[in-house]
Amino acid sequence: MNQDLSGSGSIYGETVKSSIVDTLEEYYLVEAHAEELGESLSDEEKAAAEDAAQSFLDVNDSKTLTVMSADKDTVAHVLELMAIQQKVYGNLAQTIDTNVDDAEAAQKTISYVRSSTSGTTDEDGNTVELTEEELAEKKDVLEQIRAEAEESGDLSAAAENHDLTATTSSYGADDESLNDTIKAAADALSDGEYADIVEGDNAYYLIHMDSTFDEAATQTKKESILEQRKQDAYTNWVDGLKESAEITTNDDNLSKLTFERVFKIKEDASEGDASKGE
């Protein structure tokens, strides 16, 4: 696993070790300061962690446990760290402003059909640009789809009739996930309207405004905003702790953490038997 699997420029094993260290730093800081928020684990919760740790040990053989450096105290402590982190997160989640205005979360929903105007590739691998006639034909097809959809009320079916696909997308005022060209054309529409064929980068678009205020999508966005506020409250608290904390790592022990072994999940015996019987 000493390869750059993600294309980020970092070796996979080093990326994983860095992530593990970051998580442990976070957990230990939370554990050390949880009582400042009035949070702690009860005797029952600690006992549950010990029971879960024992169950983990029971289902793994000694060789596997040695490779993982896992004993009951270590596993139980990790489970306790995870449990107190969840309690602290829940505590800080209660501190957020739960009011989300419609203006902040408002979502429009559109459907659009995309027709590529990219050139074709010849037998030598060269790009052959579309002719003016071919481009005009693509626009004509989109106009046909629009006419059929206006008559039937079903843009998706009309697009499929011409081997194209209608895509539905919801977006807000500050949303950057939608193509700017599509968004600009859509913003000029009222409910139920179609835009004139839009010329984008390497494609033509037929755009329909499904709803200028999609209540369901807006509610989903409100929930997303609240979840982000909870995450921000927790992250800001932890970051404040990091700024004033002195954290050290044992580099010698960290260097022993390697990713050269490959482990496979043991196949369930009953599944193996079933496959042989087919």
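None of the values given here were measured: they were computed from a predicted structure.

What counts and what doesn't
Starting afresh in each chain, residues are numbered from 1 along the sequence in its written order. The predicted nature of this model means local features are confined to residues of pLDDT at least 70 and side-chain atom pairs, given and counted, to a pLDDT of 80 or more, with totals for whole chains, interfaces and linings taken over all residues. For the side-chain quantities, the full set of heavy atoms in the structure was used; hydrogens and water were omitted. By definition, no residue in a patch forms a salt bridge, and every one has over 30% relative accessible area; like charges are joined within 9 Å, nonpolar side chains (Val, Leu, Ile, Met, Phe, Trp, Tyr) within 5 Å. Working definition of accessibility: Shrake-Rupley area with a 1.4 Å probe, residue cover restricted to the visible protein chains. Think of a salt bridge as a Lys or Arg side-chain nitrogen and an Asp or Glu carboxyl oxygen that are within 4 Å of each other. His residues and chain termini do not enter the charge count, which takes Lys and Arg as positive and Asp and Glu as negative. The location of each charge is read from NZ of Lys, CZ of Arg, CG of Asp or CD of Glu. In DSSP terms, a helix is any run of H or I states spanning at least four residues, a strand is any run of E spanning at least two, and both are numbered starting from the N terminus. Each residue gets one of three labels from its accessible area relative to the maximum for its type: buried under 20%, exposed over 50%, partly exposed in between, using a 1.4 Å probe on protein chains only. We call two strands paired when DSSP finds no fewer than two bridges between them. What counts as an axis is a line fitted to C-alpha atoms, over the stretch in contact for a helix, and the angles between N-to-C directions run from 0 to 180 degrees. Between two residues, a contact is recorded if the distance between any of their heavy atoms is within 4.5 Å. A cavity here means a set of 1 Å grid points, computed over protein atoms only, where a 1.4 Å probe fits but cannot escape. A pocket is an open set with protein on both sides within 12 Å along at least 5 of 7 lines, and lining residues have an atom within 4 Å of a point. Grid points are joined across faces, edges and corners, and a volume is the space filled by probe spheres set on the points. Any residue outside Ala, Val, Leu, Ile, Met, Phe, Trp, Tyr, Cys, Pro, Asp, Glu, Lys and Arg is labelled polar, Gly included; the first ten of those are nonpolar and the last four are charged.

J.: Give me the lowdown on a negative patch on the surface, citing residues and values where you can.
T.: A surface patch of negative charge is lined by Glu 132, Glu 133, Glu 134, Glu 137, Asp 140, Glu 143 and Asp 196. Looking at where Glu 137 falls in the secondary structure, it is placed in helix H6 (residues 132–152). Overall, Glu 137 belongs to the exposed group, its relative accessible area being 52%.

J.: Any chance you could break down the sheet that holds strand S5 (residues 198–200) for me, citing the residues and the numbers?
T.: Across the sheet, 4 strands lie side by side as S4-S1-S6-S5; this open sheet has antiparallel pairing. In the strand order of this sheet, the two ends are held by strand S4 (166–171) and S5, each with one partner. Across the sheet, the mean angle separating the axes of adjacent strands is 35° when strand polarity is ignored. Sheet strands touched by H6: strand S1 (108–116), S5 and strand S6 (203–211). Its angle to S6, the strand with the most contacts, is close to 20°.

J.: I'd love a proper account of the layout of surface pockets, names of residues and values included.
T.: Quantified by volume, the second largest pocket comes out at close to 160 Å³. Around the second largest pocket, the lining residues are Ala 103, Glu 104, Ala 106, Gln 107, Gly 172, Ala 173, Asp 174, Asp 175, Lys 221 and Ile 225. A class-by-class count of the residues in the lining of the second largest pocket yields 4 nonpolar, 2 polar and 4 charged.

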